[in-house]
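Single-letter residue listing:
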Amino acid sequence: NADAAMYRAKELGRNTFQFYSRELGEEAMRRVDLETRLRVAIQNGRLSLAYQPKVSLKSGAIVGCEALVRWHDPELGHIAPDRFIPVAEESGLIISIGDWVLRAACAQARAWLDKGLRPICVAVNVSARQLLQQDFAVVVLRCLAETGLPPELLEIELTETLIASDTERAAETFGCLSASGVKLSIDDFGTGYSSLSYLQNFRVDTLKIDKSFIAKMLSDSGNAAIVRAAISLGHNLQFKVLAEGVETLEQCRFLAEIGCDEVQGYFFSKPVPSTEFEALLSMRDAQAQQLV
Ligand code: C2E
Ligand code: MG
Ligand code: MG
Ligand code: MG
C-alpha cells in the first residue's frame, strides 16, 4: 500500500516535471525568438518612438511629453514594450535600445526647437541595467552635447523599484545629471514596495502616480485616499505631481479638485508619432482652453 502510494507520488512528480519542463521550454524558445528578432530590429532601425503629451490641469496647456519606444515586427506585428523590455533587460539589448531611445528623443526635441516650436521637455524611461552601467551620466551628457538639446528639456523617468535596487549608485548618477539641469521623475509611484526615504536623496521634479490607482480612484475610496496622500506627499517635498492613465473627464475633474498638477492619458491623447504630436501642440496652443 505504502509502495503503491510512493509509486503514485513518483509518477505524479514525473508528470509534473515533464509538464513544467515543456512549458519552460516553450517560454524559453519564445524568448530566444523575440530576442533574435529584437536584435535584427535594432540593427535595421525598426524601432520608433511615440510621444504622449503631459498636460497641466491649471492651464490646460501641454507642458511636456513622454517618449515611448515602439517596435513593429514584419511577422509578429506590433509588440508591446511590456513584452520586449524584460527580454531586452535580460539579454543586455536594453543598453543599445536605451542609447537609441535617448538619442532619438533628444534629437526630436532639438528638431522641434529648430522648427520654431516652443521648448518642449521630453521624458525618457530608463531601466535598471541602463542606469547602473558604468558611465550612464556621461552617456546622457554626451548625447545632450551632440544633439544640442538644452539639459532642462530632458527628463529621465525612473521607477521606485529601480532606485531601490541600488539607491547609492542611482543617487550618485542623478546628482551629476540634476546638477547639469536634467530633470527626474519617479514613474509608477506607489507600486514599488520601497521605503520613501530615498525621495530625500534625489532632486525629483515630478511624482507620477501609477495608473492603477487612477483607474480605481472614483469607484474605490482606498485608491482615492492613496492618490490624495501621494499628492500631499509630493507637494510637501516640493515636487510636482502627475496622474498617469487618465481616461475620462470625471477623473480630470476629481484630480483638479484634489490639487494634482498634471495629467497624462488617453483622455487627452494616446502616444502618437512626432508629426501628430506637433499638430496636437499647435492645436492646443491655439485654443488655449482649460482642460476641465
Ligand atoms: P510607463 O513609463 O509607465 O508608460 C506609460 C504607459 O501607459 C505607456 O504604455 C502608455 O501607452 C500607457 N498609457 C498612457 N495613457 C494611458 C491610459 O490612459 N490608459 C492606459 N491603460 N494606458 C495608458 P507603453 O507605451 O505600452 O509602455 C509600457 C511600459 O514600457 C512603460 O510604462 C515603460 O515602463 C516601458 N517603456 C516604454 N518605452 C520604454 C523605453 O524607451 N525604455 C524603457 N526602459 N522602458 C520603456
Ligand atoms: Mg514612464
Ligand atoms: Mg508609469
Ligand atoms: Mg511602467
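Notes on the structure follow. Since this is a predicted model, take the numbers as computed values, not measurements. Every chain's residues receive numbers from 1 upward, in the order its sequence appears when written. Written order decides the labels, with chains lettered from A and ligands numbered from 1. Under the rules for a predicted model, residues below a pLDDT of 70 receive no local features and side-chain atom pairs below 80 are neither given nor counted, while totals for whole chains, interfaces and linings still include all residues. Calculation of side-chain values draws on the structure's entire complement of heavy atoms; hydrogens and water are dropped beforehand.

What follows covers the site of ligand 1. Definition of nearness: a residue and a molecule or strand are near each other if at least one heavy atom of the residue lies within 4 Å of the molecule or strand. Looking at ligand 1, there are 21 residues lining it, with Arg70, Asn125, Asp187, Glu247 and Tyr266 nearest. Protein coverage of the free-state accessible area of ligand 1, which is 800 Å², stands at 85%. If one sorts the elements of the shell around ligand 1 by residue count, strand 2 (residues 62-73) sits on top with four residues. Classification used: nonpolar for Ala, Val, Leu, Ile, Met, Phe, Trp, Tyr, Cys and Pro, charged for Asp, Glu, Lys and Arg, polar for all others including Gly. Residue composition of the shell around ligand 1, grouped by class: eight nonpolar, five polar and eight charged. Areas reported here follow the Shrake-Rupley algorithm with a probe of radius 1.4 Å; residue values treat only the protein chains shown as occluding. Secondary structure elements are taken from DSSP: a helix is a run of H or I of four residues or more, a strand is a run of E of two residues or more, and numbering for both begins at the N terminus.

A word on the layout of surface pockets. Note on definitions: the grid is 1 Å and covers protein atoms alone; a cavity is a set of points where a 1.4 Å probe fits but cannot get out; a pocket is an open set with protein on both sides within 12 Å along at least five of seven lines; lining residues have an atom within 4 Å of a point. Grid points are joined across faces, edges and corners, and a volume is the space filled by probe spheres set on the points. Here the largest pocket is characterised by a volume of approximately 1,100 Å³. Lining the largest pocket are 41 residues, with Glu66, Leu68, Asp82, Asn125 and Asp187 positioned closest to its centre. Those elements giving two or more residues to the lining of the largest pocket turn out to be strand 2, helix 2 (81-91), helix 3 (94-114), helix 4 (128-131), strand 5 (154-159), helix 6 (160-165), strand 6 (183-189) and helix 8 (211-216). For the lining of the largest pocket, a count of residues per class yields 17 nonpolar, 13 polar and 11 charged.

Turning our attention to unusual backbone geometry. Look at aspartate 188: it is not a glycine, yet its phi comes out positive at around 55 degrees. Looking at the element boundaries, aspartate 188 is found in strand 6. The buried label applies to any residue whose accessible area, calculated with a 1.4 Å probe on protein chains only, is under 20% of its type's maximum; exposed applies above 50%, and partly exposed to all values in between. Look at aspartate 188 and you get partly exposed, because its relative accessible area is 24%. Residue glutamine 238 is not a glycine yet carries a positive backbone phi of 70 degrees. Residue placement: glutamine 238 occurs in the loop between helix 9 (221-236) and strand 8 (240-243).

Water is not among the atoms examined, so metal sites may look incomplete; donors are the N, O and S atoms within 2.8 Å of the metal, or within 3.2 Å for Na, K and Ca. Protein-derived coordination of the magnesium ion (ligand 3) comes from Asp187 (OD), Asp188 (OD), Glu244 (OE) and Glu244 (OE), at a distance range of 2.0 to 2.5 Å. Binding-site remark: the magnesium ion (ligand 3) is held by donors from one chain whose sequence spacing is D-D-x55-E. Here the magnesium ion (ligand 3) and the magnesium ion (ligand 2) are spaced 4.3 Å apart, with aspartate 187 acting as a shared donor. Placement of aspartate 188 in strand 6 and of glutamate 244 in the loop between strand 8 and helix 10 (249-257) is noted, with a sequence separation of 56 residues between them. Note on glutamate 244: relative accessible area 9%, which makes it buried.

Turning our eyes to something else, we now look at the coordination of the magnesium ion (ligand 2). Coordination of the magnesium ion (ligand 2) by the protein is provided by Glu66 (OE), Asn125 (OD1), Glu157 (OE) and Asp187 (OD), with metal-donor distances spanning 2.0 to 2.2 Å. Each donor residue of the magnesium ion (ligand 2) belongs to the same chain, and together they define the spacing E-x58-N-x31-E-x29-D. The partly exposed category is assigned to asparagine 125, whose relative accessible area is 29%.

Right, let's get into the environment of phenylalanine 202. Examined against the element boundaries, phenylalanine 202 turns out to sit in the loop between strand 6 and strand 7 (206-209). As for phenylalanine 202 and alanine 171, which are separated by 31 residues in sequence, their C-alpha atoms are 6.2 Å apart. When checking whether two residues touch, look at their non-hydrogen atoms; a contact exists if any pair is within 4.5 Å. If we skip the residues at most four places from it in the chain, phenylalanine 202 touches Ile163, Thr167, Ala170, Ala171, Phe174 and Leu184.

With that settled, consider the pattern of salt bridges. The term salt bridge refers to a side-chain nitrogen of Lys or Arg lying within 4 Å of a carboxyl oxygen of Asp or Glu. The full count for this structure, using the stated rule, is 19 salt bridges. Residues aspartate 114 and arginine 110 are paired through a salt bridge, measuring 2.7 Å at the closest nitrogen-oxygen approach. Of this pair, aspartate 114 and arginine 110 are both found in helix 3, four residues apart, which corresponds to roughly one turn of the helix. The partner of aspartate 205 in a salt bridge is lysine 240, with the nearest N and O atoms 3.4 Å apart. Of this pair, aspartate 205 sits in the loop between strand 6 and strand 7 while lysine 240 sits in strand 8, and the two are 35 residues apart along the sequence. Connected through shared salt-bridge partners, Lys54, Glu66, Glu155, Glu157, Lys208 and Glu244 make up one network.

Keep in mind these numbers describe shape, not what the thing actually does.
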